[in-house]
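Inside the fold
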Amino acid sequence: MPSHLSADRPAPQPPERDAVDALINRTRRLRGDVDAVRRDAVAVDEDDPQLRWQRALCDLAVHHLDDLGAHLGQLREGLPPEAAEQLAAELSLGTGPVPLSEERAGSLIGRVGSAEWDLLTDEVSWSEELLQIFGRTAEAGPLSLDDLPTVLFPEDQPLLTALVTDCLVDGKPIDGEFRIHRPDGETRTLHMMGEPVLDTDGCTASMWAVLRDVSELRRSQQTVRRTHDSLRRQQHIDRTERRIAVELQEAVLPPWRGSLRLPDQGPGVLDIAAHYLPSGSGDLIGGGWYDAMELPDGRTLLTVGDLTGHGIQATSAMAMILGALRGMAMAGIDPGALMGHLNQLLETSVQPALGSAVCCRFDPATRTLDWAQAGHPAPLLFRDGTGRPLPQPDGVLLGAASGVAYEQDEAALLPGDVLVLHTDGLARTEDGRGGLRQGTEALLGLAPRFAVARTAQDCVRAVAEEFGGASRLDDACVLIARIGAQGPCLGSDFRAPGPLLDDGPLRQ
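Below is a summary of the structure that appears in this document. (Residues numbered from 1 in each chain as written. Predicted model: local features only at pLDDT ≥ 70, side-chain atom pairs only at ≥ 80, totals over all residues. Heavy atoms only, no water.)

1. Re the packing of aromatic side chains
- The tally for this structure, following the rule as stated, stands at 2 aromatic pairs.
- An angle of 45° between the planes, with centres 4.8 Å apart, marks the rings of W126 and F134 as tilted. In terms of burial, W126 and F134 fall into one category: buried.
- Consider the rings of F382 and F450, whose centres lie 4.8 Å apart with planes at 85°: the pair is edge-to-face. Of the two residues, F382 sits in strand β12 (residues 380-383) while F450 sits in helix α10 (residues 447-452), which places them 68 residues apart along the sequence.
- With relative accessibility at 0%, the residue F382 sits in the buried group. (Phe/Tyr/Trp six-rings, centres within 6.5 Å; stacked < 30°, edge-to-face > 60°. Buried < 20%, exposed > 50% of the residue type's maximum accessible area, 1.4 Å probe, protein only. Helix = DSSP H or I, 4+ residues; strand = E, 2+ residues; numbered from the N terminus.)

2. Quick word on the nonpolar core
- Core analysis: the largest hydrophobic core is formed by 53 residues, its most contacted members being I272, W289, L302, M339, L369 and L479.
- For L302, the residues in contact, after removing those within four places along its chain, are L270, I272, D291, A292, V358, C359, C360, L419, L421, L479 and A481. (Core = buried A, V, L, I, M, F, W, Y, C linked by side-chain atoms within 4.5 Å. Contact = heavy atoms within 4.5 Å.)

3. Overview of the sheet that holds strand β13 (residues 386-389)
- The strand order across the open sheet formed by 6 strands is β6-β7-β18-β15-β12-β13, and the pairing between neighbours is antiparallel. The strands lining the two open edges of the sheet, one partner per strand, are β6 (260-262) and β13. Pairwise comparison of adjacent strand axes, ignoring direction, gives a mean angle of 20° for this sheet.
- Of the pairings in the sheet, the one linking β12 to strand β15 (residues 418-422) comprises 3 bridges and is antiparallel in character. Residue pairing for β15: F382 is matched across the bridge by V418. (Pairing = 2+ DSSP bridges. Axes fitted to C-alpha atoms, helices over the stretch in contact; angles between N-to-C directions.)

4. A word on the pairing of strand β3 (residues 174-181)
- Because side chains alternate across β3, one face comprises the buried residues I174, G176, F178 and I180, and the other comprises D175, E177, R179 and H181, none of which is buried.
- Here 8 bridges tie β3 to strand β4 (residues 187-198), and the two strands are oriented antiparallel to one another. Among the inter-strand pairings, E177 is bridged to a residue of β4, identified as H191.
- Taking the residues between adjacent antiparallel strands as the criterion, β3 and β4 are bridged by 5 residues, where G185 takes a positive phi near 95°.

5. Observations regarding the packing of helix α7 (residues 312-330) against helix α8 (residues 335-347)
- Running from N to C, α7 and α8 point in directions that differ by 150°, and their axes come no closer than 10 Å. The crossing of α7 and α8 is right-handed. For the pair α7 and α8, contact is made by M320, I321, A324, L325, M328 and A329 and by L338, H341, L342, L345 and L346, respectively.
- Looking at the contact of α7 with α8 residue by residue, the classes come out as 10 nonpolar, 1 polar and no charged. (Left-handed = near helix turned anticlockwise from the far one by under 90°. Nonpolar A, V, L, I, M, F, W, Y, C, P; charged D, E, K, R; others polar.)

6. Looking at the sheet that holds strand β10 (residues 355-363)
- Strand order across the open sheet formed by 5 strands is β8-β9-β10-β11-β14, with antiparallel pairing between neighbours. Across the chains shown, the open sheet's two edge strands, defined by having one partner strand only, are β8 (289-294) and β14 (409-412). Here the strands of the sheet are splayed against their neighbours by 15° on average, with no regard to which way each runs.
- Direction of pairing for β8 relative to strand β9 (residues 300-307): antiparallel, over a ladder of 6 bridges. Paired with A292 across the two strands is L302, which belongs to β9.

So this is what it looks like as structure tokens:
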């Protein structure tokens, strides 16, 4: 039963692969063109500040295009289907890049500035763009190399000192990042690239640098890392929870596999088999159950049901409900009254949920079936090659209302009858045309196969073949009981002494 609080939504899909491939090819061509311009700029006069500025911009553009190519490659691969919705949810919570001021919302030029420090005259020259990046006015002027570390984060100051020292003393180029505090309280991350300028004697005369504001880029990268880490943690949690839910389900559901005979002998013996069918994706472990057990007075309990939700919460609630159901059945409580107690139990539970169930009690001596239901599909009775649902007594969903009474009905069964109990997960299979194909209709269509089946396990096998490959929206349980007959369920030599219950229409 799907959750009443939410609906399944298809995961977002990545863009068309051909379109992304075209963008990657265009990026590679553009990267080659920019690289050619950069190589031309390398051969020009190093003393020309304007040409050094152009070369630095080319370097930045090449790095930027390399990053763009890498990001497009990731976009082409896309996220795994189970992760796409999680990443979209992370981004929708406002963890994305923080909008920056208008001076950085424009072109790359508005986020790049240049500087030159003359070691002979102590003259400092900053471009207007660099003053804007640092948040300084023309009146305040640029910062000297001695004053520049004062606006850096304390932990970043040793890095800048080492970069400048290596440049001025050893002639090494500058390439590093640091964070600054602006006068307006904002913080920025800057990428600095520079080189020493040598005089005719080969001594360092000045140092020039290009500084790029990469704050938004780093915020975006941090967001990607955070969402990726969060995604991996969530996937690990989901796998762990699914494993626990599966183990809990296997521990709670009946341990018997194959056919079960209750009681061991007699004309009213039941040949019972059951099967659990996972959802189409296989990831949704719900709160469905099936059970059959012999009661102290010789009668037999048959039940299937389902709770809303999936995962550990659903399976733990199912364990509670099934344990209570077994205990009350062993105490001799009638199916109708038993449903009322289960409804009260769900209503007062710490983790409220809705549920549907059918509870049957079969008397082998009289071959009568007492049963009640709570918002659940009626059992299907197959006899003499035909089948139909039993007339349904009143009963609302478990946990939906307080103090409600559940009607109880009685049906007379005959040797050779086949009784099918199933959860409504079978009733939610896609028909390939955007609609739904009712599982009840498909089950009734299996009447000819049930007629020649020799055991209840053969009947269950027919159901598994019919529904095993279906794209079910939910998991499902089916339990089949065959009433005291030898050989085929409905062999050609068997003739029912009477018609099916009442005169309702039959499904051939």
